[in-house]
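A closer look at the structure
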Amino acid sequence: MPKTPPNKLIIIGGVAGGASCATRARRLSETTEIIILERGPHVSFANCGLPYFVGNIIKNDQDLILATPETFKTRYNIDVRTMNEAIAIDKEKKIVTVKNHLDGTTYEERYDALVLSPGASPIKPPLPGIDLPGIFTLRTVPDSQTVKKWIQQTQAKQAVVIGGGYIGMEMVENFLHLGIKVTVIERNTNILGTFDPEMVTPIENNLRQNGVALETSESVTGFEKADTTLHVKTESGKSFPADIVILAIGVRPESTLACESGLEIGQRGGIRINDKMQTSDPNIWAVGDAIEVKDWITGEWAVIPLAGPANRQGRIAADNICGQEATFRGTQGTSVCGILNLTAAGTGASEKTLRRTGITYEKIYAHRGNHVGYYPGAKTISLKLLFSPTDGKILGAQAVSEAGAEKRIDVIAMLIQKNGTIHDLAEAELCYAPQYGAAKDPLNIAGMIAENHLSNLTPTVHWEDIDKESFLLDVRNQLSYEKKHVPNAINIPLEDLRTRLHELPKNQPIYVYCNVGQTSHNATRLLRNQGLQAKNISGGITTWLAKN
């Protein structure tokens, strides 16, 4: 690694990782010649905003352009060459071969340090009819312009979105905003695959209530066109008509150039880097969606295409290139998605991931208002917290709400970064005023529930652990019980519990639930103080409804 800034730095690709690397390098060195080679027409744009331009929330596509080549030149003295594609790298000679798509010429540039930031490309499987007009991916500003033009020209009334990830869900929201009916086809059992299934149930229900047809556990087999209408064919034999189809299946690291250059590629198809963002060649670094990174929780290699980590990676690469010491600790996948009036946010590992990797964990659910109930407008935050059963270290969290979900996940994300525990969460001092939170924030409550479980003060149990022979005790009032209850549950309201203890089994576990787990916590403590084998069902009937 160089101890002083290089004479010449070439960066292949702009957007988040490449652009942040270039500007950081300039701030560290005024003498380095910096060139960005960008094969597309825009070097720095907000690809996260593309669905909202299609939906006409963002009116002007120029608002998506964060910086132009002229900006880079006048402000940073950086030479940005758009429509110039790096097509080969000679590592021994330190030469990049470039094709200028504006005039068709090819030329060479020598480098002292090279950064690869080519990004990722949308997955487009080789299905019959995949290239028919009206089928689009969404990754660049020109993509969004093409999609928007198609909608206007065809007066599209119905859309099929293939893939239930973030881009897919954001396109659903924006199609609805345009008055276009939407069908979502997702091959997994639920949308938003990075979340656990029960956490996305409210989102799926909300989508259906807004007229969205959700076709989960369904795979697309091909496309046909009859007159002006596309027909999306699926494995089950169904056919879904559409005026426009969006492929939102996912993205694949753009690692072809790196592979052809002999750089190490990981099992997930991304460029392998060390914690300095250095590739297998000591003079080449890589950042952004094209690389594989270490998962902060599991230690596994992963491809996590998020703008925040890409920006940090660009900065870290520039530091190391220019002689500064900096390391990338890995990523925990902190993310958020707005879907109609709901927000889904998460950080760290999901339960699915922890189970797959064999990491021992515990979990709790909490359903609390984003602020105090007596102040108008309180919205319930459904929170799932995953943690280590040995020391309470936080492993992951997910939250869904109309308001306040992302704020809570941001707090947990910072705790994870600092190896924080459920005890830190219980003791966290957070903002409180009636319109903003509560004296006991939902995060404090989640930490306390987890503490009570680990200390065996109020041990929790989960719905999947309960069989038909279990003794279920519903401690809500009779009206709530009659409105909706779990089959075979016995109803004894908390207020009557002390006088009806004789109705409960003495030598059998008693599983207690209420609406969200708070009343049942009090009931569990009462019963355990009486020597009974009571356990609190985490999340109450609210979580049961999400699972059933």
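What comes next is a walk through the structure. The shown structure was predicted, so the numbers you read here are calculated from the model rather than taken from an experiment.

Cut-offs applied
- Residues numbered from 1 in each chain as written.
- Predicted model: local features only at pLDDT ≥ 70, side-chain atom pairs only at ≥ 80, totals over all residues.
- Heavy atoms only, no water.
- Helix = DSSP H or I, 4+ residues; strand = E, 2+ residues; numbered from the N terminus.
- Rg over C-alpha atoms; globule rule 2.2 N^0.38 Å.
- Buried < 20%, exposed > 50% of the residue type's maximum accessible area, 1.4 Å probe, protein only.
- Phe/Tyr/Trp six-rings, centres within 6.5 Å; stacked < 30°, edge-to-face > 60°.
- Axes fitted to C-alpha atoms, helices over the stretch in contact; angles between N-to-C directions.
- Left-handed = near helix turned anticlockwise from the far one by under 90°.
- Contact = heavy atoms within 4.5 Å.
- Nonpolar A, V, L, I, M, F, W, Y, C, P; charged D, E, K, R; others polar.

With that settled, the discussion passes to the overall build of the chain. When helices and strands are counted, the chain shows 15 helices and 33 strands. Against the compact-globule benchmark of 24 Å for 548 residues, the chain has a radius of gyration of 27 Å, which places it among compact chains. Here the C-alpha coordinates of the chain stretch approximately 90 × 65 × 40 Å along the principal axes. Taking all 548 residues of the chain together, the buried fraction comes to 53%.

According to the stated counting rule, one finds four aromatic pairs in the structure shown. Ring geometry for F136 against W150: centres 5.7 Å apart, planes inclined by 65 degrees, an arrangement best described as edge-to-face. Within this pair, whereas F136 is found in strand β11 (residues 135-136), its partner W150 is found in helix α4 (residues 141-154), the two being separated by 14 residues in sequence. Each member of the pair F136 and W150 is classed as buried. Summarising the aromatic geometry, the rings of W463 and W544 are spaced 6.3 Å apart at their centres and angled 55 degrees between planes, so their arrangement reads as tilted.

Now for the packing of helix α1 (residues 15-28) against helix α8 (residues 307-321). Where α1 meets α8, the closest approach of the two axes is 7 Å, and the angle between their N-to-C directions is 35 degrees. For α1 against α8, the interelement crossing comes out right-handed. Counted together, A16, G17, S20, C21, R24, A25 and L28 of α1 and A307, A310, N311, G314, R315, A317, A318 and D319 of α8 form the full contact between these two elements. Split by residue class, the contact of α1 with α8 holds eight nonpolar, four polar and three charged.

By themselves these figures say nothing about function.
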